[in-house]
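# A look at the structure
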Amino acid sequence: MSVITPSKPTPTEGSSTGGSRTRPGKLAESGSPTVRPPAAAHLTDEQVAELGRELDAIRDEILAKRGASDAAYIRRVIKVQRGLEISGRAALLVSKNKAAWVTGTTLLSLAKILENMEIGHNVLHGQWDWMRDPDIHSTTWEWDFVTPSRSWQHTHNDLHHRWTNVVGKDNDVGYNLLRMDEQQPWKPINLANPLFNAILAPLFEWGIAIYDLELTEFQEGKKSKEALLKDLKALGKKVVTQFTKDYAATPAVAMLTGSGKQALYGTLTANAVRNVWAHAVIFCGHFPEGTDTFTEEMAEGETRGDWYIRQMIGSANISGSKFMHLMTGNLSHQIEHHLFPDLPSNRYAEVAPRVREICQRYGLKYTTGPLLKQVGSTWGKIFRLALPDKPASA
């Protein structure tokens, strides 16, 4: 399953509802959207087209450079991840010893973060399909997350990446749970924004699993009962798999050393740590102050260059060390990821300075900041949007 590219929207095969889906919203060859976003209103159609060509050239250059070093990178990360997981689970087998519990839980937490962020997320985007390795491919990979890969690929790859931050089209703006933009009408339940988000963080994989069922679309008649039942069946199978691995198999073997209860707590903790981390990284890439949202008119009739602009001003980066970038799945380069979702993640740091220079040259903002700043900014928005909008001044 390949990801959206701004130049070649293609059919998606083997989606979670069975049959094929067509990627939504073909981009215009020329012209401009009905309304250009305010942050890009100073640009002419010719400038937007040239910006698109510059970013296309960067993408084409990196695609041409992919090779043995990139393949070695992802295989090395997978090897490290599997080593961490095996070591972590082995330590939990004797986790009645406190040191073993701390070690096992830490190693398993790191393994789950690496699998979700740098491996699973990026493999499912098709970043490594060019290797033609059936074991590291977007159509075969099933990640260590309770939501089935195929369901997530539809809501994330097909919909979110096409309609990034377009209120009314991108349901990732709040995940049908939180009010994350002024365009979303305030309701009394939004007062619970901070509480809902605090609950969502440690249960993030479950929140995404429910979100991927597209229950709102079913209620509105946009999704058939047959499609929903098929997705529910796929989710049920995945839940059984995850529960068997984490909450049955490992604790059962650990019972032989009297560590069953401790092993269960360790796997629960590792999943919660992974969920909180994934939640923080995703929210920091989409919701801190400085990221724009868009009306449907701003996406209507947009060209490839306009699509690129929307990705740049609607996303935010996290600055930090190489280790931090690795543990975020390189989604600390969220701007570059939204521009080029099918490029190998290890290449984002290479293209980031060039993207930033293009933003500066065309008068577009490039939002970035350290992790704690972005987390604080995101939570600040969550608290602010929990309250009713202030009445407009007369």
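Residues numbered from 1 in each chain as written. Predicted model: local features only at pLDDT ≥ 70, side-chain atom pairs only at ≥ 80, totals over all residues. Heavy atoms only, no water.

## Some details on empty space enclosed by the protein
Cut-off, in case you're wondering: With a 1 Å grid spanning the protein atoms alone, the term cavity applies to any set of points in which a 1.4 Å probe fits but cannot get out, the term pocket to an open set with protein on both sides within 12 Å along at least five of seven lines, and the term lining residue to any residue with an atom within 4 Å of a point. Grid points are joined across faces, edges and corners, and a volume is the space filled by probe spheres set on the points. By definition, any uninterrupted DSSP run of H or I lasting at least four residues is a helix, any uninterrupted run of E lasting at least two residues is a strand, and each is numbered from the N terminus. We call Asp, Glu, Lys and Arg charged. Ala, Val, Leu, Ile, Met, Phe, Trp, Tyr, Cys and Pro are nonpolar, and the rest, Gly among them, are polar.
One pass over the full model with this rule turns up four cavities of 30 Å³ or more. Space inside the largest cavity adds up to approximately 240 Å³. Along the wall of the largest cavity there are 18 residues; nearest its centre are Trp 143, Trp 152, His 156, Phe 204 and Ile 282. Taken together, the elements giving at least two residues each to the lining of the largest cavity come down to α3 (98–124), α4 (149–160), α6 (204–212) and α9 (260–286). Among the residues forming the lining of the largest cavity, the class breakdown is 11 nonpolar, five polar and two charged. Quantified by volume, the second largest cavity comes out at close to 90 Å³. Around the second largest cavity sit Thr 155, Leu 159, His 160, Lys 169, Asp 170, Asn 171, Asn 176, Tyr 211, Glu 214, Leu 215 and Glu 217, which together line it. Elements with a minimum of two residues in the lining of the second largest cavity: α4 and α7 (215–219).

## With respect to the nonpolar core
Our working rule: Throughout this description, the term nonpolar core refers to a set of buried Ala, Val, Leu, Ile, Met, Phe, Trp, Tyr and Cys residues connected via side-chain atoms within 4.5 Å. A 1.4 Å probe rolled over the protein chains alone gives each residue an accessible area, and that area as a share of the maximum for its type sets the label: buried under 20%, exposed over 50%, partly exposed in between. Contacts between residues were defined by any pair of non-hydrogen atoms, one from each residue, lying within 4.5 Å.
In terms of nonpolar packing, the biggest core is built from 36 residues, with Ile 74, Trp 128, Ile 136, Trp 141, Tyr 175, Phe 204 and Phe 283 touching the most fellow members. Counting only elements with at least two residues in this core, the list comes to α2 (68–92), α3, α6 and α9. When sequence neighbours within four positions are dropped, the list of residues in contact with Tyr 175 reads Phe 204, Ile 208, Tyr 211, Ile 282, Phe 283 and Phe 287. Core analysis: the next-biggest nonpolar cluster, separate from the first, contains 31 residues, Leu 55, Leu 339, Leu 343 and Tyr 362 among them.

## Let's talk about the packing of aromatic side chains
How two aromatic rings sit relative to each other is given by the distance of their centres and the angle of their planes. Stated formally: Note on aromatic contacts: the rings of Phe and Tyr and the six-membered ring of Trp form a pair at centre separations within 6.5 Å, being stacked when their planes are under 30 degrees apart, edge-to-face when over 60 apart, and tilted otherwise.
Scanning the entire structure with this criterion turns up 14 aromatic pairs. For the ring pair Trp 128 and Trp 130, a centre distance of 6.4 Å and an interplane angle of 40 degrees mean the geometry is tilted. Accessibility expressed as a relative area gives 0% for Trp 128, which makes it buried. You can call Trp 130 partly exposed: its relative accessible area is 22%.

## Some words on the pattern of salt bridges
Quick reminder of the rule: By definition, a salt bridge exists where a carboxyl oxygen of Asp or Glu is found within 4 Å of a side-chain nitrogen of Lys or Arg.
For the structure shown, the criterion picks out 30 salt bridges. Across the pair Arg 59 and Asp 342 runs a salt bridge, and its minimum N-O distance is 2.5 Å. Taken together, the residues Arg 59 in helix α1 (residues 45–65) and Asp 342 in the loop between α13 (334–339) and α14 (348–361) connect sequence positions 283 residues apart. By the burial criterion, Arg 59 is buried, and Asp 342 matches it. Among the salt bridges present, the one from Asp 144 reaches Arg 274, with a minimum N-O distance of 3.7 Å. Separated by 130 residues along the polypeptide, Asp 144 in the loop between α3 and α4 and Arg 274 in helix α9 bring together distant segments of the chain. Given a relative accessible area of 7%, Asp 144 falls into the buried group. Salt bridges here are not isolated pairs; linked through shared partners, they connect Glu 85, Arg 89, Lys 112, Asp 144, Glu 205, Lys 245, Asp 246 and Arg 274.

## With respect to the layout of surface pockets
One water molecule sets the probe size; rolling that probe over the atoms shows where empty space is left. Considering only enclosed or pocket space, the largest pocket measures out at about 820 Å³ in volume. Forming the walls of the largest pocket are 28 residues, and the residues nearest its centre are Asn 171, Asn 176, Thr 216, Glu 217 and Glu 220. A breakdown of the residues in the lining of the largest pocket according to their chemical character gives 10 nonpolar, eight polar and 10 charged.

## So, helix α8 (residues 225–254)
What counts, and what does not: In a helix, the anticipated span is given by 1.5 Å times the number of residues less one. Bend angle per residue: angle between axes fitted to the 7 residues ending at that residue and the 7 residues starting there.
With 30 residues, α8 ought to run about 44 Å at 1.5 Å a step, and its terminal C-alpha atoms sit 42 Å apart, in line with that. At Thr 244, α8 is deflected by roughly 40 degrees, the largest bend along its length. Those residues of α8 that sit buried are Ala 227, Leu 228, Asp 231, Leu 235, Lys 238, Gln 242, Asp 246, Thr 250, Pro 251 and Ala 254. Along its buried surface, α8 packs onto α2, α3, α4, α6, α7 and α9.

## Details of the side chain of Thr 164
The criterion, for reference: Throughout this description, a polar contact denotes any pair of N or O atoms lying within 3.5 Å of each other; where both atoms belong to protein, one of them has to be capable of donating a hydrogen while the other can accept it, and for residues adjacent in sequence the pair is counted only when both atoms sit in side chains.
Along the chain, Thr 164 turns up in the loop between α4 and α5 (193–200). Side-chain polar atoms of Thr 164 contact the side chain of His 338, separated by 3.3 Å. Setting aside residues up to four positions removed in sequence, Thr 164 forms contacts with Asp 170, Phe 294, Arg 310, Gln 311 and His 338.

## Details of the packing of α5 against helix α15 (residues 371–384)
When two helices pack together, their arrangement is given by the angle between the helix axes and by the axis-to-axis distance. As a reminder of what qualifies: Axes, fitted as lines to C-alpha atoms, cover a helix only where it is in contact. Angles between the N-to-C directions of the axes lie from 0 to 180 degrees. For this classification, under 35 degrees means roughly parallel, over 145 means roughly antiparallel, 65 to 115 means roughly perpendicular, and everything else is oblique.
The contact between α5 and α15 brings their axes to 8 Å, and the two run at 135 degrees. Viewed along their axes, α5 and α15 adopt a mutual orientation that is oblique. Two secondary-structure elements touch here, α5 through Asn 193, Pro 194, Asn 197 and Ala 198 and α15 through Trp 379, Ile 382 and Phe 383. A per-class count over the contact of α5 with α15 returns five nonpolar, two polar and no charged.

## Overview of α6
To keep it simple, the criterion reads: This arc describes the spread of directions from the helix axis toward the C-beta atoms.
What α6 keeps buried is the set Phe 204, Glu 205, Ile 208, Ala 209, Tyr 211 and Asp 212. Buried residues of α6, viewed axially, fall in a sector of 165 degrees; they line one side. Among the structural elements, α4, α5, α8 and α9 are those in contact with the buried residues of α6. A positive phi of about 55 degrees marks Glu 214, the residue just after α6.

Geometric values such as these leave the question of function open.
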